[in-house]
Amino acid sequence: MIKRVPISALKVGMYIADLNNDWIPHNAQRKRGVIKKDETIEKIRRMGVQFVYIDASKGIDTQDAETAAEVDRRNESALQRAGEKAPGLRPHVPLAEEIVIAQRIHSQAQGLVGDFMTNVKMGTAIDIAPIHGLAQELQHSVFRNANALSCLGRIREKDNYLLEHSVNLSVLMSLFGNHRGLSADVLHQTIVGALLHDLGKILTPDEILHKPGRLSPEEFEVMKLHARHSRDILATTEGIGELAVITAAQHHERLDGTGYPEGLKGEEISEYGRMVAITDVYDAITADRVYHKGMTPTQGLKKLLEWSGDHLDPLLVRQFIRCIGLYPVGSMVLLESGRLGVVVETNEADQRLPTVRVMYHTKFRMPITVETIELAKPGTQDRILRAVDPDEYRIDVRKFLV
């Protein structure tokens with residue numbers, strides 16, 4: 001049986017099933033195995049881990065724990081409470097219309113961010129104006145129909161993670177900032193900071209940056225320097241606002257001080273740093289990497305709730321969930337009829353009733369004619385039972401998003 005155990009109850013002889021620390025990017029620690037010495041427990045504690053998951057069938061058991069099923073039920077309940085209010089922005093144009101514009105912006109964004117990084121690395125003169133223009137276009141697209149760029153954010157390739165992550169983070173920050181009512185200038189700066197938050201990775205050795213596996217502790221220390229490099233490069237770039245620098249610099253800071261580069265705690269981290277930490281973790285844990293299988297959007301939201309308080313701002317996490325919805329764009333859901341559908345548009349009036357694109361029937365175990373259904377439309381009887389993992393049915397949701 002899998003159980004969630006507080007670090008204070010961890011003992012030699014227990015079998016670690018999951019270190020529960022995916023908020024740490026490029027985590028170098030082994031995820032599974034029997035604890036053989038007290039030094040291992042202390043190392044886990046120093047990482048800031050508060051709870052781990054053990055497999056009681058493979059090692060020592062404990063009564064000071066709750067089952068993984070109990071934790072999931074509590075997280076699901078917290079997710080439902082967090083999502084009681086309506087999500088983000090009301091679409092101003094149809095998805096089919098905005099998706100065409102969003103595809104151009106998304107492609108342009110990856111090219112511009114890539115060119116910017118190359119110019120910095122080569123010492124070429126830097127022109128920040130195109131980045132400001134791109135941030136403005138992203139902002140406008142999200143205002144017109146936030147679902148378009150959200151769809152494209154779920155169509156990603158693990159071999160192009162760095163650029164896609166930067167673009168996705170800027171989209172999530174645009175959604176989040178709009179939802180929280182940030183002023184136009186502040187929102188613009190946070191989007192620019194999100195676009196360039198990983199700029200410092202140009203100074204990370206390629207053998208570490210592109211290593212097809214988890215980093216060693218020494219390599220991880222080198223990787224961690226990228227946040228400081230991003231801050232330093234942007235701070236000396238003409239035309240970059242202070243909030244953009246702060247947003248980029250603080251994306252790996254954590255409330256309990258276990259983050260980097262400065263180990264800031266609580267209110268020492270700016271509002272925008274706490275926002276970008278949430279969006280950065282969410283996008284990272286829901287993405288497929290060479291060494292990491294991404295969680296589903298719903299699983300990702302539950303993890304944000306689980307890590308709230310210790311690592312992430314709990315109030316902002318709940319606001320983020322309201323922003324992107326109980327069933328974020330790209331989620332696969334099971335309907336009462338037995339059909340599977342991919343969420344393509346959230347519903348600004350009721351998060352439980354998004355627009356889904358169905359393609360498979362679980363009762364007959366066969367594909368069906370692809371159909372887009374507005375669950376909120378009068379006369380529609382079908383409702384969502386739960387979110388599901390598309391891997392269970394060997395379905396690639398990317399094929400049904402655009």
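Residues numbered from 1 in each chain as written. Predicted model: local features only at pLDDT ≥ 70, side-chain atom pairs only at ≥ 80, totals over all residues. Heavy atoms only, no water.

1. What to know about the domain arrangement of the protein chain
- You can read the domains of the protein chain as domain 1 (2–66), domain 2 (95–324) and domain 3 (331–400).
- Using C-alpha coordinates to define each centre, domain 2 is positioned 29 Å away from domain 3.
- Each partner contributes residues to the interface: domain 2 has 15 residues there, and domain 3 has eleven residues.
- In total, about 980 Å² of surface goes out of reach between domain 2 and domain 3, with carbon and sulfur atoms giving 47% of it. (Domains from an automatic or database assignment. Contact = heavy atoms within 4.5 Å. Buried area = accessible area lost by both parts, 1.4 Å probe.)

2. Details of empty space enclosed by the protein
- Taken as a whole and judged by the stated rule, the model has three cavities of 30 Å³ or more.
- Each pocket or cavity is described by its volume, and for the largest cavity that value is around 300 Å³.
- Lining the largest cavity are 20 residues; nearest its centre among them are Ser150, Leu172, Leu175, Ile324 and Val329.
- When residues of the lining of the largest cavity are traced back to their parent elements, those giving at least two are helix 4 (129–153), helix 5 (161–179), helix 10 (271–285) and helix 12 (314–324).
- Sort the elements by how many residues they give to the lining of the largest cavity and helix 4 lands first, with five residues. (1 Å grid on protein atoms, 1.4 Å probe; cavity = no way out; pocket = protein on both sides within 12 Å on 5 of 7 lines; lining within 4 Å. Points joined across faces, edges and corners; volume = space filled by probe spheres on them. Helix = DSSP H or I, 4+ residues; strand = E, 2+ residues; numbered from the N terminus.)

3. Let's talk about the pattern of salt bridges
- Under the counting rule described, the total for this entry stands at 25 salt bridges.
- Here Arg339 and Asp382 are joined by a salt bridge, their closest N and O atoms 2.9 Å apart. Here Arg339, found in strand 7 (residues 339–345), pairs with Asp382, found in the loop between strand 9 (366–374) and strand 10 (384–388); they are 43 residues apart in sequence, far enough to count as distant.
- The structure contains a network of salt bridges with shared partners spanning Arg4, Glu66, Arg74, Lys303 and Glu306. (Salt bridge = Lys/Arg side-chain N within 4 Å of Asp/Glu carboxyl O.)

4. Examining the packing of helix 3 (residues 95–122) against helix 5
- Taken N-terminus to C-terminus, the directions of helix 3 and helix 5 make an angle of 115°; their axes are 9 Å apart at the nearest point. Where helix 3 crosses over helix 5, the two elements pack in a sense that is right-handed. Mapping the contact onto sequence places His106, Ala109, Gln110, Val113, Gly114 and Met117 in helix 3 and Leu162, Leu163, Glu164, Ser166, Val167 and Asn168 in helix 5.
- When the residues that make up the contact of helix 3 with helix 5 are grouped by side-chain class, the tally is six nonpolar, five polar and one charged. (Axes fitted to C-alpha atoms, helices over the stretch in contact; angles between N-to-C directions. Left-handed = near helix turned anticlockwise from the far one by under 90°. Nonpolar A, V, L, I, M, F, W, Y, C, P; charged D, E, K, R; others polar.)

5. Remarks on helix 3
- Helix length check: helix 3 (28 residues) gives 39 Å between terminal C-alpha atoms against 40 Å at 1.5 Å per residue, within 8%.
- Once helix 3 finishes, Gly123 follows within two positions and takes phi at roughly 75°, a positive value. (Expected span 1.5 Å × (residues − 1).)

6. Concerning the nonpolar core
- The biggest cluster of nonpolar side chains holds 93 residues, and the ones touching the most others in it are Leu195, Leu196, Leu304 and Phe320.
- Here this core spans two domains, and each of domain 2 (95–324) and domain 3 (331–400) adds at least three residues to it.
- Apart from the residues within four sequence positions on either side, Phe320 is in contact with Leu172, Phe176, Ile278, Thr279, Tyr282, Leu301 and Leu304.
- Ranked by size, the runner-up nonpolar core spans 22 residues in total, among them Leu19, Ile44, Ile54 and Ile208. (Core = buried A, V, L, I, M, F, W, Y, C linked by side-chain atoms within 4.5 Å. Buried < 20%, exposed > 50% of the residue type's maximum accessible area, 1.4 Å probe, protein only.)

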